[in-house]
Amino acid sequence: MEIKATKGLRGEICVPGDKSISHRSIMFGALAKGTTEITHFLQGADCLSTIGCFREMGIEIENRPEKILVHGKGLHGLSSPSTILDVGNSGTTTRLISGILSGQPFPTILSGDASLNSRPMKRIMEPLQLMGADIESKSGNGCAPLIINSHLKNGDKPSLTGIHYHSKVASAQVKSAILLAGLYADGITKVTEPVLSRNHTELMLNGFGAQITTKIHDDSSATIAIAPCEELFGQNIHVPGDISSAAYFIAAGLLVPDSELLIKNVGINPTRAGILEVCKAMGADITYLNEKTDSGEPTADLLVKTSTLHGTTIEGAIIPTLIDEIPMIAVMAAFAEGTTVIKDAAELKVKETDRIQTTCEGLRAMGTDIIPTEDGMIIHGGKALHGGIINSYLDHRIAMAFAIAGLAADGITTIENSQCVDVSYPDFFETLKRIQL
Ligand code: S3P
């Protein structure tokens, strides 16, 4: 895909449904009694992988143009799949479903694409094993394919043991895997994480009838507890716009001269909205309009206008709230005056690509003075960026962040393997074209 510098951006954008919330709505709907109706679901490849896995386990899911209907069969209603469950490129599918599968009376094998099968799974295997799950990495390298065995006969109610797990990383995928296994445990299951990671599982599972509590401690660590559960009940879910997808258009509106964009119905849950704090610290002109709550999640329309940005430091507790937006933030920092330092973000190394490496490689190709560090990067901003050839390495967030860089840089930017945007934002390039003056 070729991107040319543009004069200005104008218009209204409705970003697709939140990826994290879309995944969870299918999973919890499948485990609930009755029908779950989902609107504004993200029809991206990752969420379609989740649908595929649950269909394979006997759940009827109607994917209609205006809504999705999940005909849940209750906590003990999944059936043994006849094939390996294909998790595609999706870490969220893999890690969350592993918690659910650990509590089933049938064995399963999970496998995905090359990127997925090289991402670390020990972080969920260890706590699930402590709960009594029999989960192993097929090649013994701590990665998928994962084999989840069951020692129970079909029909027996599985029982895992409730534990209190202290996670080293603030990861919603780790936390959610443990909490979902906790639905099948014989006592209270607790997870303590260094800071509260995105809390969509807690909000939505409570809505489905589970009992989850959250305690934030003085040192900002958080303990989340789930009680064993008899049944979940189908819900109506309206998925808010994904702030991680909105991030590209927020950045575009700020960076491209003479721009004004209204991005509608964006999820602004505080455990996700760190990018808005960072934009504010960098001097961005963003107005929140029409703030409300949708299916327990706060949303707003964001009015974004071209701004002169300056560098900032991003570190500590804010990192989990903006982890997926760091490639985009790094691009904004390259255009901003002064230096931006990003620290405490070693988790970037285990995303769809090593995003410290792929972000630095891309920005260097466009002329930015950027230094990778062990847990982030240092960006010396303010130098004009020129077009370049950017390898996305099939990472959707790298492809989109550099497409926006290309809009504000001189000359032509080529994004290689740009079709990977289908993972989270299939209409991304069409929307980008529509708003250019
Ligand atoms: C996600 C959690 C985050 C995030 C990912 C989606 C989720 O991963 O990067 O894109 O839906 O729970 P970690 O839990 O590994 O931080």
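Residues numbered from 1 in each chain as written. Predicted model: local features only at pLDDT ≥ 70, side-chain atom pairs only at ≥ 80, totals over all residues. Heavy atoms only, no water.

Draft legend 1. The arrangement of the pairing of strand E5 (residues 68-73) in detail. Relative to E5, strand E3 (residues 32-39) runs antiparallel, the two sharing six bridges. Bridge pairing in E5 links Gly34 to Gly72. Linking strand E4 (residues 60-63) back to E5 in an antiparallel pair, the connection comprises four residues. (Pairing = 2+ DSSP bridges. Helix = DSSP H or I, 4+ residues; strand = E, 2+ residues; numbered from the N terminus.)

Draft legend 2. Layout of the sheet that holds strand E6 (residues 85-88). Taken together, the four strands give an open sheet; going across it, the order is E6-E7-E9-E8, and neighbouring strands pair in mixed fashion. The sheet is open, and its two edges are formed by E6 and strand E8 (134-137), each paired on a single side. Each neighbouring strand pair of the sheet contributes to a mean axis angle of 20°, computed without reference to strand direction. The pairing of E8 with strand E9 (residues 146-149) spans four bridges and is antiparallel. What sits directly across from Ser137, in E9, is Leu146. The sheet contacts of helix H3 (residues 91-101) involve E6, strand E7 (108-112), E8 and E9, and relative to E7 the element is tilted by about 175°. Helix H4 (residues 122-130) contacts E8 and E9 of the sheet and is inclined by roughly 155° relative to E8. (Axes fitted to C-alpha atoms, helices over the stretch in contact; angles between N-to-C directions. Contact = heavy atoms within 4.5 Å.)

Draft legend 3. Just the sheet that holds strand E21 (residues 369-373), in detail. Taken in spatial order, the four strands of this open sheet run E19-E20-E22-E21, and their pairing is mixed. A strand with exactly one partner marks an edge of an open sheet, and here the two such strands are strand E19 (313-314) and E21. Of the pairings in the sheet, the one linking E19 to strand E20 (residues 338-342) comprises two bridges and is parallel in character. Bridge pairing in E20 places Thr313 opposite Val341. The strands touched by helix H9 (residues 326-335) within the sheet are E19, E20 and strand E22 (376-381), with E22 carrying the most contacts at an inclination of about 25°.

Nothing here speaks to function; it is all geometry.
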